[in-house]
Amino acid sequence: MPPENLDELDRKILRALADDARNVTTEEIADQVGLASSTVAARINDLEEDGVVDGYAPMIDYRQAGFDPHMILFGTAIDDEFSVEDTLAVDGVTCVRRLATDEENVLIELVAASQEEIERRLDALDEQGLEITRTEVLREEAAQPLGGFGDDPE
């Protein structure tokens, strides 16, 4: 379901899920959006089946969890065999983004608990056909799961 097909109620449901999917109930969302809870459940199911909602994951503070540093790696995929999914499977890789550029066309987030782990993980990335061109240590981060669909939360 392309985003242009999302109606106002779907956007409100997505906003409620983005705010706190772990604790919000369909009944609470129904109260917020003015629908029956069964209708909200059906819409959530449709959003999941259509791939709009692709899962539910916790927001982890890696530093608090003992994974410091949290690094941003810039790299270049050196052949067409490079796979975002295979790279994501490397231990410690939390996010992989393939960019539409020729150089530094891959952005990776990597966490580790020690310098030895970093080195092992960098070697594993090298084996994935990725040339790391730059590394940065993430100092601070803020995330917003739902940047909005042009509407303001109520």
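Fair warning: this is a prediction, and the values are worked out from it, not measured in the lab. Each chain carries its own residue numbering, running from 1 in the written order of its sequence. Per-residue local features of the predicted model are confined to residues with pLDDT of at least 70, and side-chain atom pairs are confined, for both listing and counting, to 80 or more; whole-chain, interface and lining totals are unaffected and use all residues. Computation of side-chain values covers all heavy atoms of the structure but excludes hydrogens and water.

Student: How do you make sense of the nonpolar core when you look at a structure like this?
Tutor: Burial of nonpolar side chains together is a common tendency in soluble globular proteins. Here, nonpolar core means buried Ala, Val, Leu, Ile, Met, Phe, Trp, Tyr and Cys residues that are tied together by side-chain atoms lying within 4.5 Å of each other. Only protein chains enter the accessibility calculation, which uses a 1.4 Å probe; a residue is then buried when its area is under 20% of its type maximum, exposed when over 50%, and partly exposed in between. Among the nonpolar cores identified, the biggest contains 14 residues, and Val93, Val106, Ile108 and Leu125 are the most heavily contacted of them. Where helices and strands are cited, they refer to DSSP runs of H or I of at least four residues and of E of at least two residues respectively, numbered from the N terminus. Of all elements in the fold, only β1 (70–77), β2 (93–98), β3 (106–111) and α5 (115–127) reach the threshold of two or more residues within this core. One finds Ile13, Leu17, Val40 and Val53 within the second-largest nonpolar core, a separate group that totals 13 residues.

Student: Before we go on, may I ask you to explain the packing of helix α2 (residues 26–33) against helix α3 (residues 37–49) in this structure?
Tutor: Any two packed helices are characterised by the angle at which their axes cross and by the distance between the axes. Interaxial distance between α2 and α3 falls to 8 Å at its minimum, and their mutual angle equals 105°. The angle between α2 and α3 places the two elements in the roughly perpendicular class. Counting all contacts with α2, which are made through Thr26, Glu27, Ile29, Ala30 and Val33, the residues of α3 involved are Ser37, Val40, Ala41 and Ile44. When its residues are assigned to classes, the contact of α2 with α3 shows six nonpolar, two polar and one charged. Axis lines are fitted through C-alpha atoms, for helices just across the contact stretch, and the angle between N-to-C directions can take any value from 0 to 180 degrees. With respect to orientation, any angle under 35 degrees is reported as roughly parallel, any angle over 145 as roughly antiparallel, any angle of 65 to 115 as roughly perpendicular, and every other angle as oblique. Any two residues whose heavy atoms approach within 4.5 Å are treated as being in contact. Each residue gets one label: Ala, Val, Leu, Ile, Met, Phe, Trp, Tyr, Cys and Pro are nonpolar, Asp, Glu, Lys and Arg are charged, and the others, such as Gly, are polar.

Student: In this structure, what is going on with a negative patch on the surface? I would like to understand it.
Tutor: Exposure above 30% relative accessible area and no salt bridge define the residues that can form patches, which grow by joining like charges within 9 Å and nonpolar side chains of Val, Leu, Ile, Met, Phe, Trp and Tyr within 5 Å. Using a 1.4 Å probe, the Shrake-Rupley method yields the accessible areas, and only the shown protein chains count as cover for residues. Counted as salt bridges are all cases of a side-chain nitrogen of Lys or Arg within 4 Å of a carboxyl oxygen of Asp or Glu. Counting rule applied: Lys, Arg positive; Asp, Glu negative; His and chain ends not counted. All charge positions are set by atom: Lys at NZ, Arg at CZ, Asp at CG, Glu at CD. Taken together, the side chains of Asp102, Glu103, Glu116, Glu119, Asp123, Asp126, Glu127 and Glu131 present a region of like negative charge at the surface. Relative to the helices and strands, aspartate 123 resides in helix α5.

Student: Which parts of the structure should I look at to understand the pairing of β3?
Tutor: Note on strand geometry: in a regular strand, side chains alternate between the two faces of the sheet. For β3, the tally of buried residues reaches five of six residues, placing the bulk of the element in the interior. As paired strands, β1 and β3 are joined by six bridges and run antiparallel to one another. Residue phenylalanine 74 lies in a different strand from β3, and its bridge partner there is leucine 107. Direction of pairing for β2 relative to β3: antiparallel, over a ladder of five bridges. Counted as the bridge partner of valine 93 is leucine 110 from β3. Any two strands with at least two DSSP bridges between them are considered paired.

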